[in-house]
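These are the residues of each chain, in order.
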Amino acid sequence: MTINRRQFMQGATAAGAFATIPSVAQSADTIKFGSILDTSGIFEAYGKPMEKTHQLAVEEINAAGGLLGRQIEMIPYDTQSNMALYTQYARRMTRRDKVDVIHGGILSASREAIRPTLRKAKTLYFYNTTYEGGVCDRNVFCTGTTPAQQSAILVPETIKKWGKKIYVLAADYNYGQITTNWIRHYAKNAGGDVIQADFFPLNVSDFGSTIAKIQKAKPDMVMAVLVGAAHLSFYRQWAAAGMNRKIPVASTTMSSGNDHRILTASEGDGIMVCQSFSPEADIPSVKTFLTAYKKRFGNTDDIHEIAASSYDGVRLWAEGVKKAGTLDRMKVIEALETGISYTGPTGKVTIDPKTHHVTHDMHLIEIKNQKLNVIKSYSQIPPSDTQAVCDLQKNPDDTKQYEIKI
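Note that the coordinates shown come from a computational prediction; the quantities given were computed from them, not determined experimentally.

A.B. asks: Please clarify how the side chain of T79 should be interpreted in this entry.
C.D. replies: Checked against the element boundaries, T79 lands in the loop between β2 (72-78) and α3 (83-97). Looking at T79, the relative accessible area reads 0%, which means it is buried. Not counting residues within four places of it along the chain, the set of residues in contact with T79 comprises I36, L37, D38, L85, Y86 and Y89.

A.B. asks: Even after reading the chapter, I still don't get the domain arrangement of the protein, so can you show me in this structure?
C.D. replies: How big an interface is tends to be stated in terms of accessible area lost as the parts join. By domain assignment, the protein separates into domain 1 (29-145 + 281-361 + 381-387) and domain 2 (151-251). A C-alpha centroid distance of 30 Å is found between domain 1 and domain 2. With 11 residues of domain 1 in contact, the opposing surface of domain 2 contributes 11 residues. Of all residues in domain 1, I42, L107 and E132 give up the largest surface area on contact with domain 2, accounting jointly for 48% of the area buried on that side. Put simply, domain 1 and domain 2 have 1 residue pair in polar contact (both at pLDDT 80 or more) between them. Its residues placed into classes, the side of domain 1 that touches domain 2 shows 6 nonpolar, 2 polar and 3 charged.

A.B. asks: What is the right way to read the state of the cysteines from this model?
C.D. replies: In protein chemistry, a disulfide is the covalent bond that joins the sulfur atoms of two cysteines. Counted under the stated rule, the structure contains 1 disulfide. Between the sulfur atoms of C136 and its disulfide partner C390 the distance amounts to 2.1 Å. A torsion of 75° about the S-S bond marks the disulfide between C136 and C390 as right-handed. Placement of C136 in the loop between β4 (124-127) and β5 (140-142) and of C390 in the segment after α15 (384-387) is noted, with a sequence separation of 254 residues between them. Residue C136 is classed as buried on the basis of its relative accessible area of 0%. Free of any disulfide, C142 has its nearest neighbouring cysteine sulfur in C390, separated by 9.1 Å.

A.B. asks: Just checking my understanding: could you explain unusual backbone geometry for this structure?
C.D. replies: For residues besides glycine, phi is generally negative; the peptide bonds are generally trans as well. You will see that S81, though not glycine, has its phi angle at about 60°, which is positive. Considering the arrangement of structural elements, one finds S81 in the loop between β2 and α3. One non-glycine residue, K218, lies in the positive phi region at around 55°.

A.B. asks: Help me out: how do you make sense of the packing of helix α2 (residues 44-63) against helix α13 (residues 305-324) in this one?
C.D. replies: Think of two packed helices as two axes; the pair is described by the angle between the axes and how far apart they sit. Put simply, α2 and α13 touch, their axes get as near as 8 Å, and they point 30° apart. Here α2 is positioned roughly parallel relative to α13, judged by the angle of their axes. For α2 against α13, the interelement crossing comes out right-handed. Facing Y46, P49, M50, T53, H54, L56, A57, V58, E60 and I61 of α2, the residues of α13 in contact are I306, A307, S310, Y311, V314, R315 and A318.

A.B. asks: What is the right way to read the packing of helix α5 (residues 151-162) against helix α6 (residues 174-189) from this model?
C.D. replies: As a packed pair, α5 and α6 sit with axes 9 Å apart at the nearest point and diverge in direction by 50°. Taken together, the axes of α5 and α6 are oblique relative to one another. Considering only the axes of α5 and α6, their crossing is right-handed. Contact with α5, carried on its side by S151, A152, V155 and I159, involves T179, I183, Y186 and A187 of α6 and no other residues of that element. Class assignment of the residues belonging to the contact of α5 with α6 gives a composition of 6 nonpolar, 2 polar and no charged.

A.B. asks: Where do I start with α2 in this structure?
C.D. replies: Here α2 spans 28 Å end to end across 20 residues, near enough to the 28 Å set by a 1.5 Å rise per residue. Those residues of α2 not exposed but buried are Y46, G47, P49, M50, E51, T53, H54, L56, A57, V58, I61 and N62. A positive backbone phi angle near 115° is found at G65, which sits one or two residues after α2.

A.B. asks: For this particular structure, what's the right way to read the sheet that holds β5?
C.D. replies: Consider a sheet: its strands pair through backbone hydrogen bonds, and that pairing is either parallel or antiparallel. Overall, parallel pairing links the 5 strands, which are arranged β2-β1-β3-β4-β5 in an open sheet. With one partner strand each, in any of the chains shown, β2 and β5 form the two edges of the open sheet. Ignoring strand direction, the axes of neighbouring strands in this sheet form an average angle of 20°. Judged from the 3 bridges that link them, strand β3 (residues 101-104) and β4 form a sheet pairing that is parallel. Pairing of H103 across the sheet is with F126, part of β4.

A.B. asks: So what exactly am I meant to see when it comes to the nonpolar core here?
C.D. replies: For soluble globular proteins, nonpolar side chains are generally found buried alongside one another. The biggest cluster of nonpolar side chains holds 95 residues, and the ones touching the most others in it are I166, V168, M223 and W317. Element by element, the count of residues in this core is highest for α13, at 9 residues. Taken domain by domain, the makeup of this core includes at least three residues from each of domain 1 (29-145 + 281-361 + 381-387) and domain 2 (151-251). Those residues within four positions of I166 in sequence are excluded, and the remaining contacts are V155, I159, A187, D193, V194, I195, Q196, P219, M221 and M223. Residues F200, I214, I367 and L372 belong to the second largest nonpolar core, which totals 23 residues.

A.B. asks: In this structure, what is going on with α13? I would like to understand it.
C.D. replies: Residues three or four positions apart in an α-helix share a direction because the helix packs 3.6 residues into each turn. Across its 20 residues, α13 extends 29 Å between first and last C-alpha, which sits within 8% of the 28 Å expected from 1.5 Å per residue. Taken across its 20 residues, α13 has 16 buried, putting it largely inside the fold. Two residues or fewer after α13 comes G325, characterised by a positive phi angle close to 70°.

A.B. asks: Hey, could you run me through the pattern of salt bridges in this one?
C.D. replies: Working definition: two side chains of opposite charge can pair if their charged atoms are close together. Counted under the stated rule, the structure contains 20 salt bridges. For the salt bridge of R315 with E60, the shortest nitrogen-to-oxygen distance reads 2.7 Å. Of this pair, R315 sits in helix α13 while E60 is found in helix α2, placing the two residues 255 residues apart along the sequence. For R315, a relative accessible area of 17% puts it in the buried group. Between R111 and E132 there is a salt bridge, with the nearest N and O atoms lying 3.4 Å from each other. With R111 in helix α4 (residues 108-120) and E132 in the loop between β4 and β5, this residue pair connects regions lying 21 residues apart in the sequence. Since its relative accessible area comes to 0%, E132 is described here as buried. Overlapping salt bridges, with partners in common, bring together R111, E112, R115, R119, E132 and D137 in one network.

Rules used in this analysis
Residues numbered from 1 in each chain as written. Predicted model: local features only at pLDDT ≥ 70, side-chain atom pairs only at ≥ 80, totals over all residues. Heavy atoms only, no water. Helix = DSSP H or I, 4+ residues; strand = E, 2+ residues; numbered from the N terminus. Buried < 20%, exposed > 50% of the residue type's maximum accessible area, 1.4 Å probe, protein only. Contact = heavy atoms within 4.5 Å. Domains from an automatic or database assignment. Buried area = accessible area lost by both parts, 1.4 Å probe. Polar contact = N/O pair within 3.5 Å; in protein donor to acceptor, adjacent residues only side chain to side chain. Nonpolar A, V, L, I, M, F, W, Y, C, P; charged D, E, K, R; others polar. Disulfide = S-S within 2.5 Å. Axes fitted to C-alpha atoms, helices over the stretch in contact; angles between N-to-C directions. Parallel < 35°, antiparallel > 145°, perpendicular 65-115°, else oblique. Left-handed = near helix turned anticlockwise from the far one by under 90°. Expected span 1.5 Å × (residues − 1). Pairing = 2+ DSSP bridges. Core = buried A, V, L, I, M, F, W, Y, C linked by side-chain atoms within 4.5 Å. Salt bridge = Lys/Arg side-chain N within 4 Å of Asp/Glu carboxyl O.

Structure (structure tokens):
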């Protein structure tokens, strides 16, 4: 991706200005918390609520006395949905801002853009987004869901409900491609089959010819692994063609950016998803989180799964700092590797020491009237896909993202 001088100066000015408005007054004695997210541009529906949950968690920790007797200073950067700015801002955070930890990244491409930089700079990194699994790096902790926690439930459940023939539509980058492989795997295990998989660049918004192909193929369902505002057009065009009344749709990403609230009820009703968070879940920790979020930001309309897991990420990091009794990166990592747990908006989350991913609850959900109605819940699902390739206890110097053979 290229970026011209004007775009860079606009981005640098905006992010620099935002970075001068931390949650507490800047001080040499504060703990510096870096937040790097797409809070404008085509991925802002994902990034804005994630940044809000960073802010909420930091403010709550500060109100309770901070960490190690010090307040946390949040230093946020907006990458404007431009991958080229991730590396630029990550370097600025480590070299100029001297942050103690960074939480951020939405697309897998953004994570991989900054992961080597943060490892080299010895800056602890939390990636809190649903992704394709396989990252094995002792400097990184991943709190989002992986295919073994999501697709492993969603695919067989929808095959049981709708039928065996699946047509996949996916974003054309590593998340979409690898997740599609997992869908093939779980479909085969459940006696089903992916009869076709089509991949789309993130800027594609015209799905007319694709809908015609699906009509001709006559699958039992469509499995959508689509990402971003442009891809949201598929669901609208699908409903406009009357296809939502003929062939059902499941998705690994729908609602992650509150897409179900953007669609009308007639466009979104009946879509099935599987995720670790639903604001409709009758769970005390969910209600506590939503009450706090509403009190701070006025409403909860924009909250979604990866914002909830971003909040969990901040809280898990804080628990690690408390247990370590220091901000020393390796000591915090070692404390987190004891299997620290925290109960928050996604229920109980526990760090898996071998992979630095989390075990958490999952929910099979049907979208109805722009709400995420929980059909069935699954307790404490481990990241078994990444566990198959990653053991940081045996290989602490591993730095790969594995494409897991399935």
